[in-house]
Amino acid sequence: MTRILGATLLAAACWSTGLAAQQPTQRQLDSLAAQVRQLRARVDSLLAASRAGAAQQPASAAAAPGDELARLRAAASQAAGAGDTIPAADTMARAIGRERNQAQLNPEIGATGDVRVYATTAGVQQNNFEPREFEIGFQSALDPYSHTKIFLSFENEHVGVEEGYLYWIGLPGHMRLDLGKYRQQFGEVNRWHLHALPETEYPLALTSYFGEDGLAGTGLSLYRAFGGLGTHEVTLQVTESESDAELFGNTNRPTYLGHLLNFWQLNHSTYMQLGFSGLYGTNPDSSMRTGVGGIDFRLTWRPPQQALYREWTLRGELLALHKQIAGTGPTRVGGYVSSTYKLNQRWIAGVRYDYVESPELGQITQQIIPTLTLWESEWVFLRGQYRWQKTAGTTATNQFALQAVWAIGPHKHETY
């Protein structure tokens, strides 16, 4: 038995040495330590069971003297059989009441940096270097049914909660319920974090109507997916809007959002999606009623055999903003069309066209933004961008930007 225990611990030590040679992470070391403790406890348990079995075994049924290995095997089989006979109610009680081990208590932690370098032809050059945003994300599965995500943003000496919500999966009707603060599901890219966009900033229509950082709020979100002539998703959200823009007159009343997304796989390498969004809110103090409608689409070609080297995506959104005060008010429209094409495994070329009518005066602004991205790895990418912008009645401006984005941890460059 001593030889078996020594061999087991020696194997664990060799495994630990192998991992050390590969410079393991702290998470791997914690996991290895936990497994070694579990292995040691298992061996101690088997030794105790073996001694107890030997003491209680009748002399006529005892194994041959010195057959310690046979007794250990019998004890292990008995212990395994006893574990399989635990009643279902007791199993559930243990699953609910048992504390999680240290690896499970530690959330997945990721951090992202986004720094830009600017050069412009408009006036005296200022703010050439800008730490646009730093983000820290925490994600964890709390139990088999509930999960959480929390993202803190550090921007221009301001610290804020970009997202922080708890969500439940596996609810009746195959629904998902979110509670907390989140970026709202209006269109496609509003839900994305800034560092995951194919350009350096959100489309002009979103920032003009929803604020510089897009549409976000605190409240409830209900999600349901279903099939039939494709795949379809329905999202319903009730929130207290926290948009920077005075979309609802700075009211604390709830706003209501609905989004329908339809997905079709056209062939083995091409798929498309078409979505419809609606947002509504009021402010009785000023007799304001605000509604925003949107249509979004995306067409993606990605051949399975060349997915690392070839991909083409065409996406766009059209928005209509109707703000009424005392029953009257204009309707403004805006939108964008963008395209990205993967030249090879590392280089991605893109271009976006923006058009928007300002909410108050209806002044038209247009932008053309070509980009070239070097996807160094899933942890680092560099982007060069040129922006031509023209507002009616003013001189066009030109801006050049270099963006560097890097990430650590599991979050990386996720779109969500």
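Quick notes on the rules
- Residues numbered from 1 in each chain as written.
- Predicted model: local features only at pLDDT ≥ 70, side-chain atom pairs only at ≥ 80, totals over all residues.
- Heavy atoms only, no water.
- Helix = DSSP H or I, 4+ residues; strand = E, 2+ residues; numbered from the N terminus.
- Buried < 20%, exposed > 50% of the residue type's maximum accessible area, 1.4 Å probe, protein only.
- 1 Å grid on protein atoms, 1.4 Å probe; cavity = no way out; pocket = protein on both sides within 12 Å on 5 of 7 lines; lining within 4 Å.
- Points joined across faces, edges and corners; volume = space filled by probe spheres on them.
- Polar contact = N/O pair within 3.5 Å; in protein donor to acceptor, adjacent residues only side chain to side chain.
- Contact = heavy atoms within 4.5 Å.
- Nonpolar A, V, L, I, M, F, W, Y, C, P; charged D, E, K, R; others polar.
- Core = buried A, V, L, I, M, F, W, Y, C linked by side-chain atoms within 4.5 Å.
- Phe/Tyr/Trp six-rings, centres within 6.5 Å; stacked < 30°, edge-to-face > 60°.
- Salt bridge = Lys/Arg side-chain N within 4 Å of Asp/Glu carboxyl O.
- pLDDT = per-residue confidence, 0-100.
- Patch = residues over 30% accessible without salt bridge, like charges linked within 9 Å, V, L, I, M, F, W, Y side chains within 5 Å.
- Areas by Shrake-Rupley, 256 points an atom, 1.4 Å probe, with all protein chains shown as cover.
- Pairing = 2+ DSSP bridges.

Visitor: Quick question: what am I supposed to make of the overall build of the protein here?
Guide: Each helix and strand counted, the protein has six helices and 16 strands in total. Every one of the 416 residues in the protein was classed for burial, and the buried ones make up 35%.

Visitor: Could you clarify how one ought to interpret empty space enclosed by the protein in this entry?
Guide: Picture a little ball the size of a water molecule; that probe, rolled over the atoms, points out where space is still empty. Here the structure, examined in full by the defined rule, presents one cavity of 30 Å³ or more. Every residue along the wall of the largest cavity is listed here: V189, L197, P198, E199, E201, Y202, P203, R315, Y336, S338 and R352.

Visitor: What's the story with the side chain of H232 in this structure? I'm lost.
Guide: Looking at where H232 falls in the secondary structure, it is placed in strand β7 (residues 231-241). In this structure the side chain of H232 is engaged in a polar contact, spanning 2.8 Å, whose partner is the side chain of N262. Ignoring anything within four residues of it in the chain, the contact list for H232 reads R224, A225, F226, G227, L261 and N262.

Visitor: What should I look at first to understand the layout of surface pockets in this one?
Guide: What the largest pocket holds in volume is close to 740 Å³. Taken together, 29 residues form the lining of the largest pocket, with A196, E311, K342, I348 and W375 sitting closest to its centre. Listing elements by their share of the lining of the largest pocket, those giving two or more residues are β10 (288-301), β11 (311-325), β12 (331-342), β13 (347-357), β14 (364-374) and β15 (380-391). For the lining of the largest pocket, the residue count by class is twelve nonpolar, ten polar and seven charged.

Visitor: For this particular structure, what's the right way to read the environment of R315?
Guide: With respect to the secondary-structure elements, R315 resides in strand β11. Through-space distance from the C-alpha of R315 to that of Q273 is 9.4 Å; in sequence the pair is 42 residues apart. If we ignore the near neighbours within four places in the chain, the residues touching R315 are E188, V189, W192, P198, F297, R298, Y336, V337 and S338. A polar atom in the side chain of R315 sits 3.4 Å from the side chain of E188.

Visitor: Explain the nonpolar core here, please?
Guide: A general trend in soluble globular proteins is that nonpolar side chains are found buried together. Judged by nonpolar contacts, the single largest core of 21 residues is most densely connected at F186, F210, L215, L247, L279, V292 and L319. Elements that contribute at least two residues to this core include exactly α6 (204-210) and β11. If you tally residues by element for this core, the top one is α6, at five residues. For L279, the contacting residues outside a window of four places in its chain are F186, F210, L215, L247, F248, T255, Y256, L257, T290, G291 and V292.

Visitor: Looking at this model, I keep getting lost on unusual backbone geometry. Mind explaining?
Guide: When glycine is set aside, most residues are seen to have a negative phi, and most peptide bonds are trans. The backbone of H174 sits at a positive phi, close to 60°, despite the residue not being glycine. In this structure, H174 sits in the loop between β4 (158-171) and β5 (175-183). For H174, a relative accessible area of 67% translates into the label exposed. At L229, a position not held by glycine, the phi torsion is positive, near 55°. Along the chain, the position of L229 falls in the loop between β6 (216-227) and β7. A relative accessible area of 80% places L229 in the exposed class.

Visitor: Honestly, the side chain of T391 in this entry has me stumped. Any pointers?
Guide: By the secondary structure assignment, T391 is in strand β15. Side-chain polar atoms of T391 contact the side chain of T365, separated by 3.1 Å. Filtering out sequence-adjacent residues up to four positions away, T391 remains in contact with Q363, I364 and T365.

Visitor: Just to check I follow, could you spell out the packing of aromatic side chains for this structure?
Guide: Counting across every chain of the model gives seven aromatic pairs. Consider the rings of Y165 and Y167, whose centres lie 6.0 Å apart with planes at 40°: the pair is tilted. Judged by its relative accessible area of 4%, Y165 is buried. On the numbers, 6.4 Å between centres and 90° between planes, the contact of Y165 with Y182 is edge-to-face.

Visitor: What should I look at first to understand the pattern of salt bridges in this one?
Guide: A side chain of one charge can pair with a side chain of the opposite charge when the charged atoms of the two come close. Applying the stated criterion across every chain, the model contains twelve salt bridges. Linking R176 and D178 is a salt bridge whose minimum nitrogen-to-oxygen distance equals 2.8 Å. Among the residues examined, R176 registers a relative accessible area of 25% and is labelled partly exposed. In this structure D178 comes out as buried when scored by relative accessible area, which is 7%. The closest approach of N and O atoms between E188 and R315, which form a salt bridge, is 3.4 Å. With E188 in the loop between β5 and α6 and R315 in strand β11, this residue pair connects regions lying 127 residues apart in the sequence.

Visitor: When you look at the confidence of the model for the protein in this model, what are you seeing that I'm missing?
Guide: For the protein, the average pLDDT comes to 82, and 75% of its residues sit at 70 or higher. Every residue in residues 82-99 is under pLDDT 50, and counting partners more than four places away or in other chains gives two contacts.

Visitor: In this structure, what is going on with a nonpolar patch on the surface? I would like to understand it.
Guide: Together, W301, Y341, L343, W347 and L372 line one region of the surface with nonpolar side chains, adding up to about 420 Å² of accessible area. Looking at where W347 falls in the secondary structure, it is placed in strand β13.

Visitor: Explain the pairing of strand β1 (residues 108-120) to me, please; I cannot follow it from the model alone.
Guide: When a strand is regular, its side chains alternate between the sheet's two faces. Here nine bridges tie β1 to strand β2 (residues 129-141), and the two strands are oriented antiparallel to one another. From the neighbouring strand, A111 faces β2, where its bridge partner is I136. Sheet analysis places β1 next to strand β16 (residues 397-408), joined by ten bridges and oriented antiparallel. Counted as the bridge partner of Y118 is A401 from β16.

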